[in-house]
Structure formats: structure tokens, C-alpha cells
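# Observations on chain architecture
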Amino acid sequence: MLFREDYQNVLVPCRGLCANTRVLLDLVYTKGDETCRLLLAAFKQVLPEAQRAGLSFGNCRTADLENTRDDTRELHGTAIQTLQTGRPDLVRRLRDHIEGALEVLLHTGSFTPSDCNEVQLPVYTPSQQARHLLDQVRSKGEPAAKVLLQYFQQTEDHPSPSNQEAPPKECLSYQKKLRSTVSAQSHFLRTYGGTSSLSLEDIYTEGQLELAQGDSEAQPQTGALGLEDVVGLVGTLNQEADTVLVSGEAGSGKSTLLQRLHLLWARGAALHDFFLLFSFSCRRLSSEQRELSLRELLFLHCCWPDGDQDRIFQFILDHPHLILFTFDGLDELMQSFSDSEQRHCCPTQCAPVPTLLFNLLQGSLMKGVRKVVTSRPEAVGPTLKRYLRKEVLLKGFSPGGIDCFVRKHHRDPTVATRVLESLRSNTALLGLCHIPVFCWIVSKCYKELLGCGEGEGSPQTITYVYLMILHHFFQRRASQRNTMGIGWVQEHHDTALHLGQLAMEGLGASCYIFTGTKLQKCGVTEEDICLGFLIRSKNLSSSTNCKHYEFLHITMQCFFAALYIVLNNNSDRSTIPKLFHLQDRQQQPGFHRACLGHCLTQQEGALKEANKAAETPNLQITATFVSGLLAQRHRSLLLLSCPGPTLDRKSKQVVTCLSKGIQKHFKSIPRPVEGEKKSMHAMPGFVWLIKCIHEVQDSRIARDTMAKLEVEHLKLAYCNIGPGECTALAYVLQHLRNPVGLQLDYNYVGDVGVEQLLPCLHVCHSVYLRHNNISDEGVRKLIEKGIQCERFQKIALFNNKLTDACTECFAHLLKMKQNFLSLRLGNNNITAAGAGQLAEGLRFNRSLQFLGLWGNKIGDKGAEAIANALKDSQTLVWLSLVDNGVGNAGACALAPLIKNSTLEELWLTKNCITRTGVECLILALESNTSVKAVWLRGNELSPEEVEEMTQREPRLTF
């Protein structure tokens, strides 16, 4: 009886329980007697008899509720229930027929003039008016609901000609101007490539998109998500919401993806359902100090109309379903969102920009307009996620995407081939390149990359990659024929400090756009600007004509901040410890001022307390760079710019901070429940510390860190782990003293990440890589290494991209490893041929206990091959062939397996088995007492057959 908006209006976290209860009672009362009766029925189910006796509400009493269950069943067939179940679709159909529906309801006496006026309040958008109309109808009862449904039927039979009218002339002209503006803004790559005038059309490479919930059934049947799926229906979780979140790590290509969408819309090549598209940069909105109305926000920040502004804006208000808003970089907005945010629903009333933005995203303002928002995952809290239509994850480049991007970046095929060969010979660097910004740096610095050679001299860490781009840009200042020597950092010491101070102060204030005055204050000269690390900030609405600048990428700002911390001899000694103890000190007032130390004490005015959820990732990136810069490998490079004792002190501080941070995670490990293994569910902060240790590149530190980790299971599911993180994990985990089960489910490891994990496979007794975009090639490398690892006994790879080609590898594994215990390959693309290959290995294995092949396509032939291979097994206890197209022939083939083996559970749910196949299973069960359950739910059996067979054999579960 309640819908999502009702639910959210009742459960307000900051409001007391009694207040929420009163709101609920008021709401239920306005819904009418049927809702009141259902509420009392709910009370009757949960309250003790003494408390519920004599309760009454509205015109209902608990004593009258004997037949409520039957009444509830009948309710599902009523007109009111139809309005509720079809509400999202009815809102879309009703918003263009508000006046007609009100006229019919008024004529039939269902509505009063006062009811009509309440629905048509001018502050409501058409979608909001439609929702209020439906609420009013429900409160009036069944007769009014029937009148409205009859009206819907009539409008379907006789569609209104107004729906087919073209937009006004002024709107068509404005659309043309807006398309031209958006096209001009999107033609060249605006992010890290902005300095090179790269055409987006020439350089754009598709990233890997995936639905955040990880539900394989929600993913499109054709494979990966496409660009238009971002705003399409695929993966929709909340039909009532309008906001789509695209989340991804720094540098994963979120801004470029939006820019591509903009360009396709401007050219009429995509997003045909949207008449107008308005794009916003949250970085630029953060610098907007004025209060604006929605109208001013659209026209000032996007495109100014030449014609009748009133008519154009009214068209936008009247047709929200034809409008698309995009907001890039929500994590860079200098304010966090909460439910205590001021509600603002009037499109003509002025308000602070953050207030406008929050109300747009959560639907109080311009309900019905589709919004696409990009952000890093950490910056979007539960408050905002409640209002999301869906969340899409952007996971960077696939191996094929890296190849495509490098070839697009280098028009000379010979150069592109050499760069790709260099990457393939350095898998650590290849793992980093799945992040587009790293791929761009490597492509940009190809001469430096090719000059490194292979082996230990080649780039292994993120810090090394950014030192390459630093060298590349500083080379511009040097003579074209003279290469810079080992002292090139010292030669540009002042520039590095000036840019570093600017970057540091910006991070402290969550500031990413800088005025010319700010640059002068930090000593940044015109010559420094010309190096290319800073770019002009375009389209910034300002009352002045002064120039604004920003670092070409947020990670570059973090890198220069780290350089400043390392090279500044006068920095506060507490800067590094406070930088690494972010999570401990986030709640302390003024922490970020203290964290950034001496450089921020020179700022005039107070430092704003910004959105800490957005700040912390940037400071973590900075800390990662600090770790890398203080590595022994780069000591000779920095020694000419910073005294040795100072570098030693800062290096020791980093090592101490990393050790303490890791130990804190270890101390948080709870004692295991009796009978269970001791496990540690690592949080993203743990992964960050591991990455910092990897940047230091000191095996002694990694060994000492892991010496005190005593767990049997390390869980790293849902931790945004890609190939780069796998490199760091393997570097550290290989020093574990005791074997561990490594769980990396629901990340984006991929084939490259699998290869990066191989150095630590010898300390893993089990590896869980569910839902990680792994193909047969990744499996081949994993098995080659796994066969050599004595402790390696279990693997789970369901919901990846495996085909029959990988089953030969698994067969070889089963033949070679007679201590292997568990193989789970569910929800892949293995057919009967693959099952036959796998059976060859099963026939020779004498140790396997668990085999999972659910959600494949092995059919009867595959089931027969598996059954014949396992018929003599004395170790198998669990077998799953769920949803595999197994019929009676397969079931009958499995019967001897039940009869003669140690099997305890057999899963055959969601197959095609009929009575004939089940009879074979029942006969086999008569000779086996070890089997605990045979699962057969979802097969081709009638209710009568299910009941009869359950009585004959209780171990059959339907």
C-alpha cells in the first residue's frame, strides 16, 4: 500500500522514532480504510495478544480482522491495486494528460475543485502532478480508481493529437544552438589530453562498463554494457528514481565517457529520446558563489537562449522526460549531501548551487529529468545512493582496449608496436595501463619507456610512471639536442616546489581550480604554466575576466603535492604521519589543515571543512606517491635536491606509518567462531596500504609486515581490485609464512591481474575469483603455475568468461594434482564438449570433493560424461549441475553415481527432468544412506508428482 516515496518520507534517520511513527499513522490514515485495515492486520501479526486487543484505527478494529487475509488476496484484483503495481508506467502516461484526467474525475464527482487545485500547484512538474493525482485517487477509494483506469483506456483508444505536436520554433532553434555548443565543447579531449588538442573521435576507446550490483542476470544478454545502456533501462533497480551514477577510480575515464555521450547526442548519433542535454562540471559549480535558480543554472552554465527564454524554460518544465542532465565529478563538489539538506522544489527560486544539485539528484526538483552523475565510489554515501536509479561501474580498459588506445595515440604503426611489445614484456606496467590515465602517460612518454629497457630498470610502480611524465614535460624546457642528466629534478627544483605548493594548498581546501592571483602567490610563473602541467579552465562562469587554471588531471595534482612534501626541507615533521593516519583523524576538526602542515599555515582566512569522503581518496593517492618517491630506487634522483638525512627521516616515517597501519588491521581481526577458520575481511584502506608498500619496493618491509598476519582466509571481495592492485598484493602476500585462502570475488582482476597474482600463488591453498572478467587465457596461466604449487587445492571461477577451451587445462590439473579438493566453474559458457574434456581429468583424480558446474550448457551428454568419470570416486561429496539443460538421460546417468559413491549433496535444480528421471534417482537412493539431499526444484514435474515423490523419498527437495 506504500510506495518508495512514502517509505522514504517515513524513515528519516535524523528524526525520532515517535515522530516517524506519527508520520506513518498520518500517511496511512490518508490512504483510506483499506490501508488502515492492513496496518491493523500487521499489528495483529507482530504484537502479543494482550497489546493488540481493542486496537482501532480509522473505521477499523482488530476484532473485525478475522478475514483480513482473504480480503488482502481480493485487494490484488482491485483498481487501487492496479494503480499501485503499475505506478511508474501510469506516471509516464498521465503527465501529458493531467487536465483531461482531472476533468473526468471532477465530472464524475470523484474530485472536488479543491482537489484539482491541490494537484495543479504551479511548483509541481508534470510528473509530480501525476504522482499527487494518483495519491489523491487512492485516498478517494475504489470508485475513483475505476474512473481513472477507464480514462486511461479511452486515451489509449483515442490518442490525443497534442502528443504528436512538434516542439515550438524557439525550442528547435535552442536545440540547434545547444547541439552546436556541446559539439564544440566535446570535439577535443578535455581531460589529460587537453594540452595536445587530441580529437575525441580519433582517440576515444571504450572502457569496461558493468552494473554495480554484480547480478549476472541483470547484465545485457549480448555481453558488455554499451554507452547508451548507461541511460537505458538495463539494470534499473529503482523505477521511481531518475539519477544514474557512473562510478570509477581516479583516471578510469569517467569524464571522457560523458564527453563521448555529449558528442554523440550533439551529432544526433545517440540518445535520440532526449531533446535537450545540459552538461555540468561539479568542479566548476564548486566555484560558483552566487545563489542561482534552476533557470539561471541551465542558461548561464550551459547555453544562453537567443529567443524567448520563458517559452523555452516552460517547455523544459513541461517535458522533463525529454531532458538529460549530466554532472561530472561529484567527488569534487565541496559539500557532502545529507537528508538534512534544505528541500527545494521551485524551479524559479534562487538557492545555493549545492542545494540545487542535491534536490535535482534526489528528485525534489525537476522530477522526471534523467540525470547522469560521475564520481569516485568513496564519495557517494548511502544518503545519495537511496535516490539512484542504478549504478554503473567504469573499470578502465580491457587488454584489447589498451592495444586500441596505444595504436590510436601513435599514428606510426612501428612505434605503436614497439610500445605494446614493451608493455607485454613488463606485465606490472601492463597491469597499470588498464587505467586510461596511466595508459596515456605511457603512450605520451614512449621514448622514455623504450629507453628504460627490460628488467629491473623498467617502470614497476605508479610513482615511476609519473616521474616519466615529469621528465617528459621538463624536457620541453631543456634544449632539444641536450638530454637532461641525473640531476634533472634539481634543475627544476623551484618549479616543482611552486607547483607542489599550489597542489598541496588546493588539496587542503578541496580546490581544483586556481586563479592567476593564486598562482602568483605560490610563485608559479608563466614559464611554469607553459610546461603543460596546468591547463586553462574553460567555460567557468565568473563575473571577472581573470584566467583560471587546473592541473591536467587530479592525480597530477596529488603527485605534485607529494613532491612538495618530499622536497620541502621546511615541512612540518608531523605532515607524513598525519597524512597516513587519515582514517584515524577524519573526525577531528581542522584535521586537514594540520595534516597538510606548514604549507597551509600561510593561507589567509579559514580553511573550509569540505567533504571528507571526497578528500580522503586524493590524500591517499598523495600518500602513495610519497611512499614511492622515498623508495631507495629514486634516492639518487632526489639526493641533489634534498639532504640525505632529511630523506632518511622521511623514509623512516613512511615505513613506521605503513607498519602501524597494517598492524592496526591485523589487530581488528575477530576471533574465529568455533569450528570455522580464522579470516580477515580486509577493507579498502588495507589495499591502499599494500599499494604503498609496493611503491616503496623494499622486500624487507613487505616481509616484516606479513610476518604477523595469522589468518587462514583473506577476504578482499568488492574492494575495486584491478590488475595494478594484484601486482601490489602479490608483491606483499608472497612473504606470508602460512598458507591462506585468497578471496577476490567481485573485482575486475581480468587475465592481466591473474598473471600478476602468480608470484603469491604458492602461499594460497585456495583462490576465489568469482565475477572477475577472466577468460580462458587467464585460466591457462593460472593452471600452469598452480600445478607447481603443492598447497594449491581449491579454485572458484564462476561467472567469468570461460569456454570449452579452458577445460583441457583443468583436466590436466586434475590429473597432475592428486591433492586437489574443489573446482567450481559455475555460470560460464562450458558445453557438453567441455564437460567431456573435463571428464578426462576427473577419471584419473582421486581427491576431488566439490565440483560445481551450475549455469553452463552441458546438457545430457555432458552430464553422462561427468557421471561416468566420477562413478568410482570415493571422495566426491558435493556436485552441482544446476541450470544445465539436463534431462532424463542425464538424471539416469547420474543414478549410479549416487548409488556407489560418497556423495552427500546433488544439485539438479532448474533443469528439464521429468518423472522418468526422478524415478531413476529414487531407485539409486534406496541403496545409499550417505546422500543427504538431492535438489530438484524447477524441473518439469506437476504439483501432484512432487507431493507423491517427496513422500516416497524425503531426501528429494523440490
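The name given to the protein chain in an unreviewed UniProt entry is NOD2b protein, with the source organism recorded as Oncorhynchus mykiss. Checking UniProt for the protein chain, the heading Sequence similarities (unreviewed entry) contains the comment "Belongs to the NOD1-NOD2 family."

The next subject is the sheet that holds strand β3 (residues 209-211). Taken in spatial order, the 6 strands line up as β3-β8-β4-β7-β6-β5 in an open sheet, and their pairing is mixed. Each edge of the open sheet is held by one strand with a lone partner, namely β3 and β5 (276-281). On average, each strand axis in the sheet is tilted by 20° relative to the strand beside it, whichever way the strands run. Bridge count between strand β6 (residues 323-328) and strand β7 (residues 370-375): 4 bridges; the pairing is parallel. Each residue of the ladder has a partner; that of F327, found in β7, is V373.

Right, let's talk about the sheet that holds strand β14 (residues 740-743) for a bit. Here 11 strands make up an open sheet; going across it, the order is β12-β13-β14-β15-β16-β17-β18-β19-β20-β21-β22 and the pairing parallel. Looking at which strands have only one partner, the edges of the open sheet turn out to be β12 (679-681) and β22 (956-957). Of the pairings in the sheet, the one linking strand β15 (residues 764-768) to strand β16 (residues 794-796) comprises 3 bridges and is parallel in character. Bridge pairing in β16 places V767 opposite I795.

On to the packing of aromatic side chains, then. In the structure shown here, the tally under the stated rule is 29 aromatic pairs. Between the aromatic rings of F533 and F560, the centroid separation amounts to 4.8 Å while the plane-to-plane angle is 75°, which identifies the pairing as edge-to-face. Of this pair, F533 sits in the loop between α29 (526-529) and β10 (534-536) while F560 sits in helix α30 (residues 554-567); the two residues are 27 residues apart in sequence, bridging distant segments of the chain. For the pair formed by F533 and F560, the shared burial category is buried. Note on F580 and W688: the rings are 6.0 Å apart at their centroids and 20° apart in plane angle, and the pair reads as stacked. Of this pair, F580 sits in helix α31 (residues 575-580) while W688 sits in helix α37 (residues 684-696), and the two are 108 residues apart along the sequence. Residue F580 is classed as buried on the basis of its relative accessible area, which comes to 5%. Linked through ring pairs, F438, Y466, F473, F474, W488, F514, F533, F551, F559, F560 and F625 together constitute an aromatic cluster.

Another point: the nonpolar core. Core analysis: the biggest nonpolar cluster contains 256 residues, and F278, Y466, L716, F810 and L851 have the highest contact counts within it. Among the elements that take part in this core, α30 stands out by supplying 12 residues, more than any other. Mapping this core onto the domain boundaries places at least three of its residues in each of domain 3 (169-214 + 222-397) and domain 4 (715-952). Residues L94, A101, L134 and F152 belong to the second largest nonpolar core, which totals 23 residues.

What follows covers the pairing of β14. Of the two faces of β14, the one holding V740 and L742 and the one holding G741 and Q743 are both buried throughout. Pairing of strand β13 (residues 713-715) with β14, which is carried by 3 bridges, proceeds in the parallel orientation. From the neighbouring strand, K715 faces β14, where its bridge partner is Q743. Regarding the hand of the β-α-β motif, the stretch spanning β13, helix α39 (residues 723-733) and β14 is right-handed. Here β14 runs beside β15; their pairing, made up of 4 bridges, is parallel. Note on β15: the bridge partner recorded for G741 is S766. In terms of handedness, the path from β14 via helix α40 (residues 750-757) over to β15 forms a crossover that is right-handed.

Attention now goes to the packing of helix α41 (residues 776-786) against helix α42 (residues 807-816). Relative to each other, α41 and α42 sit at 15°, their axes nearing to 9 Å. By the angle between their axes, α41 is roughly parallel relative to α42. Considering the relative orientation of α41 and α42, their crossing is left-handed. Judged by residue contacts, V779, R780 and I783 of α41 engage C809, F810 and L813 from α42. The residue makeup of the contact of α41 with α42, split by class, is 5 nonpolar, no polar and 1 charged.

Considering the arrangement of structural elements, one finds I721 in the loop between β13 and α39. Residue class for I721 comes out buried when judged on its relative accessible area of 0%. Sequence separation between I721 and D745 is 24 residues; the distance between their C-alpha atoms is 9.5 Å. Those residues in contact with I721, other than ones at most four positions away along the chain, are V687, L716, C726, L729, L744, N747, Y748 and V749.

Counted according to the given criterion, the structure contains 36 salt bridges. Residue D403 is joined to R424 by a salt bridge in which the shortest nitrogen-to-oxygen separation is 2.9 Å. You can see D403 sitting in helix α20 (residues 399-409) and its partner R424 sitting in helix α21 (residues 413-424), a full 21 residues away along the chain.

Scoring rules and cut-offs
In every chain, residue numbers begin from 1 and rise along the written sequence. In keeping with the model being predicted, local features are shown solely for residues with a pLDDT of at least 70 and side-chain atom pairs are shown and tallied solely at 80 or more, while totals for entire chains, interfaces and linings include all residues. With hydrogens and water stripped out, all remaining heavy atoms of the structure feed into the side-chain values. UniProt positions are given in the numbering used here, feature names are shortened, and annotations may be inferred rather than shown by experiment. Between any two strands, pairing holds if DSSP finds at least two bridges. Put simply, DSSP H or I for four residues or longer makes a helix, DSSP E for two residues or longer makes a strand, and each gets a number counted from the N terminus. To define axes, lines are fitted to C-alpha atoms, for helices over the stretch in contact only, and angles between the resulting N-to-C directions are given on a 0 to 180 degree scale. Aromatic rings from Phe, Tyr and Trp, with only the six-membered ring used for Trp, were paired whenever their centres fell within 6.5 Å, and each pair was classed as stacked if the ring planes differed by under 30 degrees, edge-to-face if by over 60, and tilted otherwise. The classification of residues rests on relative accessible area computed with a 1.4 Å probe and restricted to protein chains. Under 20% of the type maximum is buried, over 50% is exposed, and intermediate values are partly exposed. Only buried residues count toward a nonpolar core. Its members are Ala, Val, Leu, Ile, Met, Phe, Trp, Tyr and Cys residues joined through side-chain atoms within 4.5 Å. What marks off one domain from the next here is an automatic or database domain assignment. When the strands point away from the viewer and the connection leading from the first strand across the helix to the second strand turns clockwise, the crossover is called right-handed. For classification purposes, angles smaller than 35 degrees are called roughly parallel, those larger than 145 roughly antiparallel, those between 65 and 115 roughly perpendicular, and all remaining angles oblique. Helix crossings are classified by the rotation of the near helix relative to the far one: an anticlockwise turn of less than a right angle makes the crossing left-handed, while a clockwise turn makes it right-handed. By definition, residues are in contact when any of their heavy atoms lie within 4.5 Å. Under the scheme applied here, ten amino acids are nonpolar (Ala, Val, Leu, Ile, Met, Phe, Trp, Tyr, Cys and Pro), four are charged (Asp, Glu, Lys and Arg), and all others, including Gly, are polar. Note on definitions: salt bridges are taken to be side-chain nitrogens of Lys or Arg within 4 Å of carboxyl oxygens of Asp or Glu.

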